[in-house]
Amino acid sequence: MRLGHWLMVGGFCLAWLTAESETFRLVHVISGAIVLGVATFRLPWGFIGSRYARFSEFVRGPTAVKDYLSSILKLEPAHHVGHNPAGSWAIVILLGLGILTSLAGWAIYNDIGGHLLEELHEGLATSMLIVVLIHLAGVFSGSLLHGENLVRAMLTGVKNGLPEEAIASARPLAAVLLLVWVAAAGWFIAN
Ligand code: HEM
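So, how was this worked out
Note that residues are indexed from 1 along each chain, following the sequence as it is written. Residue-level local features of this predicted model are given only where pLDDT is at least 70; pairs of side-chain atoms are given and counted only at 80 or more, and the full residue set underlies all totals for whole chains, interfaces and linings. Secondary structure elements are taken from DSSP: a helix is a run of H or I of four residues or more, a strand is a run of E of two residues or more, and numbering for both begins at the N terminus. Taken over C-alpha atoms, the radius of gyration is set against a globule rule of 2.2 Å times the number of residues to the power 0.38. We call a residue exposed when 12 or fewer other C-beta atoms sit within 10 Å of its C-beta, buried when the count reaches 20 or more, and partly exposed for counts in between; the C-beta positions come from the backbone. Nearness is defined per residue: the C-beta atom, placed using the backbone, must lie within 6 Å of the molecule or strand. Under the grouping applied here, Gly and all other residues not named as nonpolar or charged are polar, the nonpolar ones being Ala, Val, Leu, Ile, Met, Phe, Trp, Tyr, Cys and Pro and the charged ones Asp, Glu, Lys and Arg. Note on terminology: a nonpolar core is any set of buried Ala, Val, Leu, Ile, Met, Phe, Trp, Tyr and Cys residues joined through C-beta atoms within 7 Å. Contact between two residues is assigned when their C-beta atoms, built from the backbone, lie within 7 Å. Per-residue confidence from the predictor is reported as pLDDT, which spans 0 to 100. In this scheme, a helix's expected span is set at 1.5 Å multiplied by one less than its residue total. The directions considered for the arc run from the helix axis to the C-beta atoms. Lines are fitted to the C-alpha atoms to define the axes, a helix being fitted only along its stretch in contact, and any angle between axes, read from their N-to-C directions, falls within 0 to 180 degrees. By definition in this entry, angles of less than 35 degrees are roughly parallel, angles greater than 145 are roughly antiparallel, angles of 65 to 115 are roughly perpendicular, and the rest are oblique. By convention the crossing between two helices is left-handed if the near helix lies anticlockwise of the far one by an angle smaller than a right angle, and right-handed if it lies clockwise.

## Considerations on the overall build of the protein
Turning to step 1, where the next piece is worked out: Summing up its helical and strand segments, the protein has 8 helices and 0 strands in all.
Turning to step 2, where the next piece is worked out: When the helices and strands of the protein are read in sequence order from the N terminus, they spell out α-α-α-α-α-α-α-α.
Turning to step 3, where the next piece is worked out: Relative to the globule expectation of 16 Å for 191 residues, the C-alpha radius of gyration of the protein, 18 Å, shows essentially globular dimensions.
Turning to step 4, where the next piece is worked out: Looking at the protein as a whole, 23% of its 191 residues are labelled buried.

Here it is, written out as structure tokens:
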């Protein structure tokens, strides 16, 4: 999950940086393929992955989101070892937008869809940027409110919690499969 996250951050940033460039068109296409590869790997991983990676563990309905947000307003934020109920919606939307934006880009690269699809691709990418900014606001405000550095946690995999809330180990084999999948997506899309 952590490897996928930082690959997605790299792919997303690189795609934005190269969006207008003819010279770096292939880099742009491969960046989109990285986002697509990570997001499509993350979907099944959300069902079979480790405890805090599962959608059933963190995707909650509007009541849970409201309760979490009101706990923040009361300055008594409920702590979650996995993703919190409000942040979880940004995550789901980012994965969905990541897939749609990259698929639209792939179609354009193959001369499908014309000008309309180009507009859609740009609109999706801009929506994604807006959700990323909301996501970052959530990450940094959550870090301050909980006194817990979430960026470090996303790098190390270590969060505050009880021993029974921990997962036994990282999943190195899944990380290797993810790399193979992302490389395959890059090769397939660029060719
Ligand atoms: C430097 C910028 C970024 C930082 C510091 C950052 C930080 C984080 C952190 C700390 C989490 C875990 C939140 C939690 O504990 O609930 C997280 C989750 C997530 N972030 Fe980011 N993020 C960044 C950029 C992005 C971008 C650009 C995307 C997508 C394009 C993204 C997509 C996600 C997703 C999908 C998750 C959920 C991970 C998963 O469950 O697989 N993030 N991010």
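## Notes on the site of the ligand
Turning to step 1, where the next piece is worked out: Near the ligand, the surroundings consist of 22 residues, among which Phe12, His83, Ile91, Leu150 and Met154 are the closest.
Turning to step 2, where the next piece is worked out: Of the residues assigned to the shell around the ligand, the class counts are 14 nonpolar, 7 polar and 1 charged.

## So, the nonpolar core
Turning to step 1, where the next piece is worked out: Formed by 18 residues in total, the largest nonpolar core has its most connected members in Ala33, Ile34, Val35, Leu36, Val38, Val182 and Ala185.
Turning to step 2, where the next piece is worked out: Elements represented by at least two residues in this core include exactly helix H1 (2–17), helix H2 (25–48) and helix H8 (172–190).
Turning to step 3, where the next piece is worked out: Among the elements that make up this core, the one with the highest residue count is H2 (9 residues).
Turning to step 4, where the next piece is worked out: Ignoring sequence-local partners within four residues, the contact set of alanine 185 consists of Ala33, Leu36 and Gly37.

## Comments concerning the environment of threonine 63
Turning to step 1, where the next piece is worked out: Considering the arrangement of structural elements, one finds threonine 63 in helix H4 (residues 62–73).
Turning to step 2, where the next piece is worked out: C-alpha separation for the pair threonine 63 and proline 85, spaced 22 residues apart in sequence, amounts to 9.5 Å.

## A closer look at the confidence of the model for the protein
Turning to step 1, where the next piece is worked out: Taken residue by residue, the protein gives an average pLDDT of 95. The fraction at 70 or more is 100%.
Turning to step 2, where the next piece is worked out: The element-level mean pLDDT for the protein is lowest in H4, coming to 93, with H1 highest at 98.

## Some thoughts on H1
Given 3.6 residues to a turn, an α-helix orients residues that are three or four positions apart in the same direction.
Turning to step 1, where the next piece is worked out: Helix length check: H1 (16 residues) gives 23 Å between terminal C-alpha atoms against 22 Å at 1.5 Å per residue, within 8%.
Turning to step 2, where the next piece is worked out: What H1 keeps buried is the set Gly4, Met8, Gly11, Phe12 and Ala15. Seen end-on, H1 carries its buried residues on one side only, within an arc spanning 100°. Set apart from the buried face of H1 by more than 90 degrees, the exposed residues are Trp6 and Cys13.
Turning to step 3, where the next piece is worked out: In this fold, the buried residues of H1 make contact with H2, helix H5 (85–109), helix H6 (114–146) and H8.

## Some thoughts on the environment of serine 50
Turning to step 1, where the next piece is worked out: Considering the arrangement of structural elements, one finds serine 50 in the loop between H2 and helix H3 (55–58).
Turning to step 2, where the next piece is worked out: Serine 50 sits 119 residues away from serine 169 along the chain, and the two C-alpha atoms are 9.2 Å apart.
Turning to step 3, where the next piece is worked out: With residues up to four places along the chain from it excluded, the contact list for serine 50 reads Ile167 and Arg171.

## Structural notes on H6
Turning to step 1, where the next piece is worked out: Under the 1.5 Å per step criterion, the end-to-end length of H6 is 47 Å for 33 residues, consistent within 8% with the ideal 48 Å.
Turning to step 2, where the next piece is worked out: Every buried residue of H6 is accounted for by His121, Leu124, Ala125 and Met128.
Turning to step 3, where the next piece is worked out: Of the surrounding secondary structure, the elements contacted by the buried residues of H6 are H5.
Turning to step 4, where the next piece is worked out: In the segment just after H6, glycine 147 is the residue with positive phi, at about 60°.

## Observations concerning the packing of H2 against H5
For any two helices packed against each other, the geometry comes down to the angle between their axes and how far apart the axes lie.
Turning to step 1, where the next piece is worked out: Where H2 contacts H5, the axes come no closer than 8 Å and their chain directions differ by 140°. The pairing of H2 with H5 is recorded here as oblique in orientation. Seen from above, H2 lies across H5 with left-handed handedness. Taken together, the residues of H5 that come into contact with H2 (itself represented by Val29, Gly32, Ala33, Val35, Leu36, Ala39, Thr40 and Arg42) are Leu95, Gly98, Ile99, Ser102, Leu103, Gly105, Trp106 and Tyr109.
Turning to step 2, where the next piece is worked out: Of the residues assigned to the contact of H2 with H5, the class counts are 10 nonpolar, 5 polar and 1 charged.

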